[in-house]
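# Residue-level structural notes
Below, each chain spelled out in residue letters.
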Amino acid sequence: MEPSPPRQPVLFMPHGGGPCFFMDWPDTWDHMAAYLRTLAATLPARPDGIVVMSGHWQTGMPTVTAAAHPPLIYDYEGFPPHTYHLQYPAPGAPALAQKVLDLLAHAGMPGEADPGRGFDHGVFIPFMLALPQADIPIVELSLPRECNAAHTLHMGAALQPLRACNILIVGTGMTYHNVRHLMGRDPQSDAPSRAFDTWLARAVESPPPTRAEALTHWAQAPGARTCHPTPEHLLPLVFAAGAAGNDPGRRDYSDTVMGKALSGFRFG
């Protein structure tokens, strides 16, 4: 009898600010970069594929990348010229993309495939550090524009069966994403960022039913709307929590960047 494939955990990876890890930005993103470089070694086996939700692709309905060789989308502005020539030639996975659509449809969330869509920087920038070989097939799943936290949790839960098939499920975003305050180094949101980060870690590390309830109502948390004027960079964490099912969650990265508290999380 052949051994069963390993069951992969679920990750929420912070993706930094634009191509921050590949430019001269001393001491600011070093701890986050070091954390991302450790992630592959923590997996039970090399995944056969990856399904990732980034906060940088929003659509009308759930959509998956379906190209065999997705291009890169340099969806950032004002950075050094060399950052628009970064490469991450990971293959796509059309069969896995269809499996994602089948699971979502079975859960009452029909979606579609986009054969031309590439990977945005919320995918290729952190993966260049976490999985630098770029040899694991990746499917990116969009975040529907009208998707609230409860719906996003449901999307993640629908994809739980993939984990038992050696598929790694990842959300990428940022636990703090008030760009105006971050880039302006505005100290008025330093304390709210710490309050929200503390609440978020407590929520993720709670028993799964409590976790789901807390994350569904994240906007009521202290500092929530200061840290997230819009929710798209937090909802990939909610997606990851849905895919975790009844597995425990824990914060496995904690840092302060430009005065703002930031975290990464792992489930299972």
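Just above, that's the structure.
Residues numbered from 1 in each chain as written. Predicted model: local features only at pLDDT ≥ 70, side-chain atom pairs only at ≥ 80, totals over all residues. Heavy atoms only, no water.

## Looking at the environment of Gly92
Counting through the fold element by element, Gly92 comes out in the loop between strand 3 (63-65) and helix 2 (94-106). In this structure, the C-alpha to C-alpha distance between Gly92 and Arg7, residues 85 residues apart in sequence, is 21 Å. (Helix = DSSP H or I, 4+ residues; strand = E, 2+ residues; numbered from the N terminus.)

## Description of the pattern of salt bridges
Within the structure shown, the criterion is met by 6 salt bridges. A salt bridge links Arg117 to Asp120, with the nearest nitrogen and oxygen atoms 2.8 Å apart. Each of the two residues, Arg117 as well as Asp120, counts as buried. Measuring nitrogen to oxygen at the nearest pair gives 2.6 Å for the salt bridge that ties Lys260 to Asp190. Pair noted here: Lys260 is in strand 8 (residues 260-267) and Asp190 is in helix 6 (residues 190-204), with a separation of 70 residues, a long-range link. Assigned by exposure class, Lys260 and Asp190 land together as buried. What you see here is one network of salt bridges that share partners, running through Arg7, Arg163 and Asp247. (Salt bridge = Lys/Arg side-chain N within 4 Å of Asp/Glu carboxyl O. Buried < 20%, exposed > 50% of the residue type's maximum accessible area, 1.4 Å probe, protein only.)

## Some details on helix 4 (residues 149-158)
Residues that lie three or four places apart on an α-helix share one face, since the helix turns once every 3.6 residues. Taken together, the buried positions of helix 4 are Ala149, Thr152, Leu153, Met155, Gly156 and Ala158. Looking at the buried positions of helix 4, the neighbouring elements they touch are strand 2 (49-59), helix 2, strand 5 (138-144), helix 7 (208-216) and helix 9 (235-244). The N-terminus of helix 4 is capped by Asn148, whose side-chain oxygen sits 3.2 Å from the backbone nitrogen of Ala150. (Contact = heavy atoms within 4.5 Å. Polar contact = N/O pair within 3.5 Å; in protein donor to acceptor, adjacent residues only side chain to side chain.)

## Digging into the packing of helix 4 against helix 7
It is at 8 Å that the axes of helix 4 and helix 7 come closest, and there the two elements cross at 135°. Considering the angle they form, helix 4 stands oblique to helix 7. The chirality of how helix 4 crosses helix 7 is right-handed. Residue-level inspection shows Ala149, Ala150 and Leu153 of helix 4 in contact with helix 7, the latter providing Ala212, Leu215 and Thr216. Residue composition of the contact of helix 4 with helix 7, by class: 5 nonpolar, 1 polar and no charged. (Axes fitted to C-alpha atoms, helices over the stretch in contact; angles between N-to-C directions. Parallel < 35°, antiparallel > 145°, perpendicular 65-115°, else oblique. Left-handed = near helix turned anticlockwise from the far one by under 90°. Nonpolar A, V, L, I, M, F, W, Y, C, P; charged D, E, K, R; others polar.)

## Focus: helix 6
Spanning 15 residues, helix 6 covers 21 Å between terminal C-alpha atoms, matching the ideal 21 Å at 1.5 Å per step. For helix 6, the set of buried residues is Asp190, Ser193, Phe196, Asp197, Trp199, Leu200, Ala201, Ala203 and Val204. (Expected span 1.5 Å × (residues − 1).)

## Considering empty space enclosed by the protein
Regions of empty space are outlined by a rolling probe, equal in size to a water molecule, passed over the atoms. Following the criterion strictly, the structure yields 1 cavity of 30 Å³ or more and no others. Its boundaries defined by the atoms lining it, the largest cavity holds a volume of some 50 Å³. Lining the largest cavity are Leu11, Met13, Leu39, Ala40, Leu43, Phe127, Ala130, Leu131, Leu168 and Val170. Counting only elements with at least two residues in the lining of the largest cavity, the list comes to strand 1 (10-14), helix 3 (121-130) and strand 6 (167-173). In terms of residue class, the lining of the largest cavity is made up of 10 nonpolar, no polar and no charged. (1 Å grid on protein atoms, 1.4 Å probe; cavity = no way out; pocket = protein on both sides within 12 Å on 5 of 7 lines; lining within 4 Å. Points joined across faces, edges and corners; volume = space filled by probe spheres on them.)

## Topic: the packing of aromatic side chains
Scanning all chains against the criterion turns up 10 aromatic pairs. With a centroid separation of 4.8 Å and 25° between ring planes, the pair formed by Tyr35 and Tyr253 is classed as stacked. Residue Tyr35 is located in helix 1 (residues 30-38), and its partner Tyr253 is located in strand 7 (residues 249-257); the two are separated by 218 residues in the primary sequence. Each member of the pair, Tyr35 together with Tyr253, is buried. (Phe/Tyr/Trp six-rings, centres within 6.5 Å; stacked < 30°, edge-to-face > 60°.)

## Examining the side chain of Thr83
Structurally, Thr83 can be placed in the loop between strand 3 and helix 2. Given the relative accessible area of 0%, Thr83 is considered buried. When neighbours within four sequence positions are excluded, Thr83 is seen to be in contact with Pro19, Phe22, Tyr74 and Tyr76.

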